[in-house]
Amino acid sequence: VRRGSPAAVARPGNIDDLEATATAILTIDLTALVENYRRLAALSAPAECAAVVKADAYGLGMAACAPALAHAGCKTFFVATLAEAIELRALLPQAAIYPFDGLLPGTAAVFHAYELRPVLNSAEEIGDWAAFCTGAGVSLPVAIHIDTGMNRLGLSRAEVEALAAASDTGAFELTLVMSHLACADEPEHPKSEAQRIAFDGLRGLLPGTRASLANSGGILLGPAYHYDLVRPGIALYGGKPQAKGRNPFARVVHLAGRILQLREVPAGETIGYGASRTLKRASRIAVVAVGYADGLFRALSVGDGEEGMSVYLGPHPAPILGRVSMDLITVDVTGIPEDLAHRGAFVELIGDNVAPHEFAAHAGTIDYEVLTSLGTRATRRYIGG
Ligand SMILES: *Cc1c(COP(=O)(O)O)cnc(C)c1O
């Protein structure tokens, strides 16, 4: 849902006034998205920089993100499913679109109708595509995924050798040979180099084909991993592709929730479901209108003796106390000035003070899952781009 603009927000009484009517606002900064794309493209040049927009652009909205990336010069897009690819085709009539999931039985004609390029993951899929192309009398573009040690999707060494020896490879146009790194988020892990060497050996069997190995983390591993095309996802959306060091990518996501009520709660009282948190001191508690249905994982709950995440009111941290409910959290705003902690005020859940990967660490997960769990209830605001 694309509603309003920052200018409209300033007008009081306007029913498009997001700040007045929303209980939670998810702001997606398309200027930051484009900045991240340009940074990744510069890091990877002369390789082509594609974009991974699967899972609705990691939850941020493919309908807004993909055209912004195309406008920034991105020509090749990856999604996971055929349904996502069909949706993307309607947005970008010119782009090269590759769904990672490959070819399910009986779907070749659909790929052809929408000019999509499956990423073929097995000898069976290659056989289906070759048969379709031969039957239709057309040589259609396709990518091949080879497994280099992840043992998830992709052709085995024996299958690549059989493909290289086969006579029917002329039935289709092989535009890309790719593989995927298992440990690109840990630069010191020996698995990445082992996979790169395996990839070199296997792609050598299919000479003259463009090659792709790197996701976001792989781009940061250096030029040896870039080949002809890179496939970043998380870094575009402001996630942190490598576990250590600072994140070089701009913040794209800001989630703010609104205070519905403030209450003074005496020491010894408990808060929320399960009475899991007993107050040690008299506290001023703000009830904020976001919960696990908005991506605030229930794992962010803070029971007795536990230390949890803080949300922010301006520069002031306010610790989450008690259970996260579907629609609400309770935070301790004792001592925070009333011009920030008042009924109707917004608090920051993800943004300048709390990065997605920090939020994730508190919930025992990764920023990828934080972004794809944001849900659809918060009012969405796209800015910039
Ligand atoms: C999701 C995915 C990517 C993008 O990975 P990031 O870590 O988000 O950059 C690249 N390649 C494949 C095969 C993927 O599944």
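Located above this text is the structure these notes cover.
Residues numbered from 1 in each chain as written. Predicted model: local features only at pLDDT ≥ 70, side-chain atom pairs only at ≥ 80, totals over all residues. Heavy atoms only, no water.

Caption draft 1: Here's a closer look at the sheet that holds strand β4 (residues 76-79). As summarised here, the arrangement of the three strands in space is β3-β4-β5, forming an open sheet in which the pairing is parallel. Looking at strand neighbours, the two that pair on one side only are β3 (51-52) and β5 (96-99), the edges of this open sheet. The strands touched by helix α6 (residues 82-91) within the sheet are β4 and β5, with β5 carrying the most contacts at an inclination of about 165°. (Pairing = 2+ DSSP bridges. Helix = DSSP H or I, 4+ residues; strand = E, 2+ residues; numbered from the N terminus. Contact = heavy atoms within 4.5 Å. Axes fitted to C-alpha atoms, helices over the stretch in contact; angles between N-to-C directions.)

Caption draft 2: Just the site of the ligand, in detail. Around the ligand sit 13 residues in total, of which Lys-54, Tyr-58, Ser-216, Ile-234 and Tyr-368 are the nearest. Take Tyr-58: an N or O atom from its side chain is 2.5 Å from an oxygen atom of the ligand. Within the backbone of Gly-233, an N or O atom sits 2.8 Å from an oxygen atom of the ligand. Contact with the protein chains hides 93% of the accessible area of the ligand, taken as 390 Å² for the molecule alone. Residues of the shell around the ligand, tallied by class, amount to seven nonpolar, four polar and two charged. (Near = heavy atom within 4 Å. Polar contact = N/O pair within 3.5 Å; in protein donor to acceptor, adjacent residues only side chain to side chain. Areas by Shrake-Rupley, 256 points an atom, 1.4 Å probe, with all protein chains shown as cover. Nonpolar A, V, L, I, M, F, W, Y, C, P; charged D, E, K, R; others polar.)

Caption draft 3: Geometry of the nonpolar core. Counting 114 residues, the largest nonpolar core has Val-53, Phe-77, Trp-129, Tyr-237, Val-311 and Ile-329 as the members making the most contacts within it. Among residues more than four places away in sequence, those in contact with Val-311 are His-316, Pro-317, Ala-318, Ile-320, Ile-329, Val-331, Val-347, Glu-348 and Leu-349. Ranked by size, the runner-up nonpolar core spans five residues in total, among them Ile-271, Leu-279, Ile-285 and Leu-321. (Core = buried A, V, L, I, M, F, W, Y, C linked by side-chain atoms within 4.5 Å. Buried < 20%, exposed > 50% of the residue type's maximum accessible area, 1.4 Å probe, protein only.)

Caption draft 4: Representation of the state of the cysteines. One pass over the full model with this rule turns up zero disulfides. Considering cysteine sulfurs only, Cys-74 is the nearest to Cys-49, which forms no disulfide, with 6.5 Å between them. (Disulfide = S-S within 2.5 Å.)

Caption draft 5: Molecular detail of the pairing of strand β17 (residues 329-332). Of the two faces of β17, the one lined by Ile-329 and Val-331 and the one lined by Thr-330 and Asp-332 are each fully buried. In this structure, strand β14 (residues 283-288) lies alongside β17, joined through four bridges in antiparallel fashion. In the sheet register, Ala-286 faces β17, and the bridge partner there is Val-331.

Caption draft 6: Region of interest: the packing of helix α3 (residues 30-44) against helix α5 (residues 62-71). Across the interface, α3 lies against α5 with an axial gap of 10 Å and an inter-helix angle of 45°. Classified by the interaxial angle, the pair formed by α3 and α5 is oblique. In this structure, α3 meets α5 at a crossing whose hand is right-handed. Where α3 abuts α5, its residues Leu-30, Leu-33, Val-34 and Tyr-37 lie against Ala-64, Cys-65, Ala-68 and Leu-69. Each residue belonging to the contact of α3 with α5 can be placed in one class, and the counts come to eight nonpolar, no polar and no charged. (Parallel < 35°, antiparallel > 145°, perpendicular 65-115°, else oblique. Left-handed = near helix turned anticlockwise from the far one by under 90°.)

Caption draft 7: Representation of the environment of Val-302 in the model. Secondary-structure assignment places Val-302 in the loop between β14 and β15 (310-313). Val-302 gets classed as buried once you look at its relative accessible area, which sits at 2%. In this structure the C-alpha to C-alpha distance between Val-302 and Ile-271, which are 31 residues apart in sequence, comes to 10 Å. Residues within four places of Val-302 in sequence aside, it is in contact with Ser-276, Arg-277, Glu-307, Gly-308, Ile-320, Leu-321 and Gly-322.

Caption draft 8: Spatial organisation of the packing of α5 against α6. Remark: α5 packs on α6, axes separated minimally by 10 Å, with the N-to-C direction vectors making an angle of 55°. Here α5 lies oblique to α6, going by the angle between them. Classified by chirality, the crossing of α6 by α5 is right-handed. Taking contact as the criterion, the partners of Met-62, Ala-63 and Ala-66 in α5 are, on α6, Glu-84, Glu-87, Leu-88 and Leu-91. Taken together, the residues that form the contact of α5 with α6 break down as five nonpolar, no polar and two charged.

Caption draft 9: Summary view of the pattern of salt bridges. Following the criterion strictly, the structure yields 10 salt bridges and no others. A salt bridge links Glu-48 to Arg-210, with the nearest nitrogen and oxygen atoms 2.9 Å apart. Placement of Glu-48 in strand β2 (residues 48-49) and of Arg-210 in the loop between α10 (190-203) and β9 (211-212) is noted, with a sequence separation of 162 residues between them. Ionic pairing is found between Asp-332 and Arg-281, a salt bridge with its closest N-O pair at 2.8 Å. Within this pair, whereas Asp-332 is found in strand β17, its partner Arg-281 is found in the loop between β13 (277-278) and β14, the two being separated by 51 residues in sequence. The exposure class assigned to Asp-332 is buried, which follows from its relative accessible area of 9%. (Salt bridge = Lys/Arg side-chain N within 4 Å of Asp/Glu carboxyl O.)

Caption draft 10: Spatial organisation of unusual backbone geometry. Looking along the chain, the bond that leaves Ala-45 and enters Pro-46 is cis, with omega of 10°. Position of Pro-46 among the secondary structure elements: in the loop between α3 and β2. At Tyr-58, a residue that is not glycine, the phi angle is positive and equals roughly 50°. Here Tyr-58 shows up in helix α4 (residues 54-58). For Tyr-58, a relative accessible area of 6% corresponds to the buried category.

Caption draft 11: Structural context of the side chain of His-226. Relative to the elements of secondary structure, His-226 occurs in the loop between α11 (216-220) and β10 (229-230). Using a relative accessible area of 5% as the deciding quantity, one classes His-226 as buried. Look past the residues within four positions of His-226 in its chain and what remains in contact with it is Leu-43, Ser-44, Ala-47, Gly-218 and Ile-219.

Caption draft 12: Structural detail: the packing of aromatic side chains. Applying the stated criterion across every chain yields a total of eight aromatic pairs. Plain terms: the ring middles of Phe-78 and Tyr-98 are 5.2 Å apart, the flat faces sit at 20° to each other, and that makes the pair stacked. Of this pair, Phe-78 sits in strand β4 while Tyr-98 is found in strand β5, placing the two residues 20 residues apart along the sequence. For the pair formed by Phe-78 and Tyr-98, the shared burial category is buried. Counting every residue linked through ring pairs, the aromatic cluster contains Tyr-58, Tyr-237 and Tyr-368. Over the face of the ring belonging to Tyr-225 we find Arg-196, whose NZ or CZ atom lies 5.4 Å from the ring centre. (Phe/Tyr/Trp six-rings, centres within 6.5 Å; stacked < 30°, edge-to-face > 60°. Lys NZ or Arg CZ within 6 Å of the ring centre and 35° of its normal.)

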